[in-house]
Amino acid sequence: MNTIRLTVAQAIVKYLTVQYTERDGELQRFFAGMFGIFGHGNVTGIGQALEEVGDDLTFYRPQNEQAMVHTAAAYTKMKNRLQTFACTSSVGPGATNMITGAALATVNRLPVLLLPGDTFANRVPHPVLQQLEYTLSQDVSVNDAFRPVSKFWDRIYRPEQLIASLPEAMRVLTNPAETGAVTVALPEDVQTEAFDFPASMFEKRVWKIRRPLPVDEDLDEAAALLRGASYPLIIAGGGVIYSRASDALDSFASEFGIPVSETQAGKGVLPWNHPWNVGPIGAAGGLAANRIARDADLVLAIGTRLADFTTSSKTAFQNPHVELLSINVGSMDAHKLGALPLVGDARATIDALACRLRALKAPVRDVTPVTDLKSEWDAAVDDLIQPRDGEALTQPQVIGLVNAASGPEDVVVCAAGGMPGDLLKLWRPLSPKGYHVEYGYSCMGYEIAGGLGVKMAGPGREVYVMVGDGSYLMLHTEIVTSIQEGYKLTIVLVDNGGFRCIRELQTQSGSPPFGNELRYRNERTNRLDGPTVRVDFARNAASLGAKAYTATTAAELRDALESAKSETITTVIYVPIESQERVRGFEGWWDVPIAEVSDQSDINTARDEYEAGRAKQRWFI
Ligand SMILES: Cc1ncc(C[n+]2csc(CCOP(=O)(O)OP(=O)(O)O)c2C)c(N)n1
Ligand SMILES: [Mg+2]
């Protein structure tokens, strides 16, 4: 047998350079490179191997391990999961910093390969710097905390374990039904140990991404249900975009006259002005989709996790006879809400259903009622985004102005705060990749790191990162990486003095404001209700090397956005928002429990309203 003598780290790096994915005849390298922050737990292992391999696997050095996993996740989301990054960290804090990123990737079904350093397999120098020292077992390190947030987890004690472990890691990463974070923990001594690896391990390996179909019986049953439905609705999730099923969905909806609503991950799958696109559904959804959902007798979910925001915490479907179908490549998602599961690829399954519906001579529904609902919704959006002369800017108007400045192929990026809900309602995408909101984990701090990943995946597009002051303060340092690597972002930083959306959730739940604003401690009350803490965000951004603008009016924001287009480095437009006007709900509901007992009457009222909301929740068995 032909063998190559390599260290474990060298073998991993070499292996990553020859992994490819192929779908629909398109072939690409799976790993676009490796992100990493070195410490004693990886610099002499993976670090040495990366240095030696050179251009074959480009190395990127971010500022924070959590952020680098976000960047990898955003990149792979843009690439429809066909390409991603590996991420290396040292032992201890460098590793645990990646756990939030791992959870985000797994929740959003996005493939990222994490290679945390680990304490010595030989245990000789233990306890080493940053070691946990778990008393019940010597077999546990901080890296075991990755287990629940990983779709595959392994620890390499002996070099030859790689021969079985790496292909399994790749199988999970490239399987759309199973994908998420994959963690292979690498004890620091083992990384440097050599072995005669079989040469065949380093030959080009192509992982074919297939388009599996549900079984015929399920397709037949689904087609019959669709054929018989009087008031059907499609919910399009992120899986439709990953499957590149936009055209298939467009033809399907148009041919059979079925309105399409969208989730956060699915938004953009059809252009906002498509005649059958009824816009966002659910707790943060719009009028048109939520009204249709309420009355629908058949809901066809495609590529969605059917999470609480989408189903209005299971109150969205009120027709007592409603039936659900769910097309999903993942069995768990396909089975949610008691749906008839159509376990398969979105595009292939939509096409297969279309064939059957044609054979069944399915009637074409009239678009007029949909057009009417859509016009009402579009008018509501127009009203919200329209700046008013002489009045302070609102967040919805900021969204409208950024949207107006952006081109059809540009991308808006966001993740947490009040912005995602407003974007879901108000942003008007024209292309399936134009809207990138991470709302599976809704992780503060994803925005700028994620924006970098989006830009790396699509350098030709302008990337507009919309970020609140809270998220910015949590994690903005990848601005430095974006400048270091020459990936320009336009960051629109909306400052409303703190965690406004949570404050709103709190006050709407009957509580006085408490602990959500950025205020000094008040010695009299011993609470954080003193004067506002002022942060000079523009100077902060400039100090990191970004170009900084401040815009307080619509005209200034338009000018800043225009200037930002010709900037070549990351540009931060700081927009302080005085107006606390927020977008109202449009018949959606979100289950957030309210205290059952309290001396405060507003809490008791809110609890009563909450109980009324809960009464609309339905079981789907
Ligand atoms: C990492 C993380 N911590 C906490 C939360 C809970 N959370 C959601 S939104 C939010 C406030 C965000 O503040 P900001 O970015 O200023 O947006 P705003 O609410 O003001 O629109 C918080 C604390 C979260 N989603 N992610
Ligand atoms: Mg804020």
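Residues numbered from 1 in each chain as written. Chains lettered and ligands numbered in written order. Predicted model: local features only at pLDDT ≥ 70, side-chain atom pairs only at ≥ 80, totals over all residues. Heavy atoms only, no water.

So what exactly am I meant to see when it comes to a nonpolar patch on the surface here?
A cluster of nonpolar side chains, contributed by Leu132, Tyr134 and Leu136, occupies part of the molecular surface with about 340 Å² of accessible area. Locating Leu136 in the fold gives a position in the loop between strand E7 (112–118) and strand E8 (152–155). (Patch = residues over 30% accessible without salt bridge, like charges linked within 9 Å, V, L, I, M, F, W, Y side chains within 5 Å. Areas by Shrake-Rupley, 256 points an atom, 1.4 Å probe, with all protein chains shown as cover. Salt bridge = Lys/Arg side-chain N within 4 Å of Asp/Glu carboxyl O. Helix = DSSP H or I, 4+ residues; strand = E, 2+ residues; numbered from the N terminus.)

Looking at this model, I keep getting lost on the packing of helix H11 (residues 287–295) against helix H15 (residues 368–385). Mind explaining?
How two helices pack is summed up by the angle between their axes together with the distance between the axes. The contact between H11 and H15 brings their axes to 8 Å, and the two run at 140 degrees. The angle between H11 and H15 places the two elements in the oblique class. Two secondary-structure elements touch here, H11 through Leu287, Ala288, Arg291 and Ile292 and H15 through Leu373, Lys374, Glu376 and Trp377. Residue composition of the contact of H11 with H15, by class: five nonpolar, no polar and three charged. (Axes fitted to C-alpha atoms, helices over the stretch in contact; angles between N-to-C directions. Parallel < 35°, antiparallel > 145°, perpendicular 65-115°, else oblique. Contact = heavy atoms within 4.5 Å. Nonpolar A, V, L, I, M, F, W, Y, C, P; charged D, E, K, R; others polar.)

Would you mind going over the sheet that holds strand E13 (residues 260–262) with me for this structure?
What links the strands of a sheet is backbone hydrogen bonding, and the strands pair in either a parallel or an antiparallel sense. Spatial ordering of the open sheet is given by E14-E13-E12-E15-E16-E17, a layout of six strands whose pairing is parallel. Two strands in the sheet have a free side with no partner beyond their single neighbour: strand E14 (277–280) and strand E17 (340–343). Averaged over all pairs of adjacent strands, the angle between their axes in this sheet comes to 20 degrees, without regard to strand direction. The pairing of strand E12 (residues 232–236) with E13 spans three bridges and is parallel. Paired with Ile235 across the strands is Ser261, a residue of E13. Here helix H10 (residues 246–256) sits on the sheet in contact with E12, E13 and strand E15 (298–302), set at roughly 170 degrees to E12. (Pairing = 2+ DSSP bridges.)

Can you help me understand the coordination of the magnesium ion (ligand 2) in this one?
Any two of four tetrahedral donors ideally make an angle of 109.5 degrees at the metal, while pairs among six octahedral donors ideally make 90 or 180 degrees. The magnesium ion (ligand 2) binds to the protein through Asp469 (OD), Asn496 (OD1) and Gly498 (O); the donor distances cover 2.0 to 2.1 Å. Its relative accessible area of 10% is what places Gly498 among the buried residues. (Donors = N, O, S within 2.8 Å, 3.2 Å for Na, K, Ca; no water. Buried < 20%, exposed > 50% of the residue type's maximum accessible area, 1.4 Å probe, protein only.)

Quick question: what am I supposed to make of the site of ligand 1 here?
As a matter of local geometry, ligand 1 sits amid 15 residues, with Gly418, Ser442, Gly470, Gly498 and Cys501 nearest to it. Contact between ligand 1 and Met444: a nitrogen atom at 3.2 Å from a main-chain N or O atom of the residue. Contacts to ligand 1 include Gly498, whose backbone N or O atom sits 2.7 Å from an oxygen atom. Notes on ligand 1: free accessible area 580 Å², of which the protein chains cover 77%. (Near = heavy atom within 4 Å. Polar contact = N/O pair within 3.5 Å; in protein donor to acceptor, adjacent residues only side chain to side chain.)

Please explain the layout of surface pockets as it appears in this structure.
Estimates place the volume of the largest pocket at around 1200 Å³. For the largest pocket, the lining is made up of 44 residues, of which Cys501, Glu504, Leu505, Gln508 and Trp590 are closest to its centre. Sorting the residues of the lining of the largest pocket by element identifies helix H17 (419–426), strand E20 (463–468), helix H19 (469–474), helix H21 (500–508) and helix H24 (601–614) as the ones contributing at least two each. When residues of the lining of the largest pocket are assigned to their parent elements, the largest contribution, six residues, is made by H21. Grouping the amino acids of the lining of the largest pocket by side-chain chemistry returns 20 nonpolar, 15 polar and nine charged. (1 Å grid on protein atoms, 1.4 Å probe; cavity = no way out; pocket = protein on both sides within 12 Å on 5 of 7 lines; lining within 4 Å. Points joined across faces, edges and corners; volume = space filled by probe spheres on them.)

Is there a simple way to think about the state of the cysteines in this case?
Here, the word disulfide means a covalent bond between the sulfur atoms of two cysteines. Using the criterion set out here, one finds zero disulfides in the structure. Cysteine Cys87 is unpaired, with the sulfur of Cys443 as its nearest cysteine sulfur at 14 Å. By relative accessible area, Cys87 is classed as buried at 0%. With no disulfide of its own, Cys443 lies 12 Å from the sulfur of Cys414, the closest cysteine sulfur. What makes Cys443 buried here is its relative accessible area of 8%. (Disulfide = S-S within 2.5 Å.)

Where do I start with unusual backbone geometry in this structure?
The bulk of non-glycine residues show a negative phi, and the bulk of peptide bonds are trans. Pro127 follows His126 through a cis peptide bond whose omega is -5 degrees. Mapped onto the elements of the fold, Pro127 is located in the loop between E7 and E8. With a phi angle near 70 degrees, Arg81 is a residue other than glycine that sits in the positive phi range. As for its placement among the helices and strands, Arg81 is situated in the loop between helix H3 (65–78) and strand E6 (84–89). Given the relative accessible area of 13%, Arg81 is considered buried. The backbone of Ser442 shows a phi angle near 35 degrees, a positive value even though the residue is not glycine. Positionally, Ser442 belongs in the loop between strand E19 (435–437) and helix H18 (446–457).

What am I meant to see in the pattern of salt bridges here?
For side chains of opposite charge, pairing can occur when their charged atoms come near one another. Under the counting rule described, the total for this entry stands at 31 salt bridges. Between Arg291 and Glu587 there is a salt bridge, with the nearest N and O atoms lying 2.8 Å from each other. Linking Arg291 in helix H11 with Glu587 in the loop between strand E23 (571–576) and H24, this pair joins segments that are 296 residues apart in sequence. Measuring nitrogen to oxygen at the nearest pair gives 3.4 Å for the salt bridge that ties Lys565 to Glu562. Here the residue Lys565 and the residue Glu562 both occupy positions in helix H23 (residues 554–566), the gap between them amounting to three residues, near one helical turn. A network of salt bridges, in which partner residues are shared, links Arg291, Arg294, Asp295, Glu376 and Glu587.

Which parts of the structure should I look at to understand the sheet that holds E23?
Taking strand neighbours across the sheet as the criterion, the six strands line up as E19-E18-E20-E21-E23-E22 in an open arrangement whose pairing is parallel. Edge positions in the open sheet fall to E19 and strand E22 (547–550), since each of these has one partner strand only. Strand-to-strand, the axes of this sheet are offset by a mean angle of 20 degrees, without reference to chain direction. Sheet analysis places strand E21 (residues 490–495) next to E23, joined by six bridges and oriented parallel. Counterpart to Val494 in the pairing with E23 is Val575.

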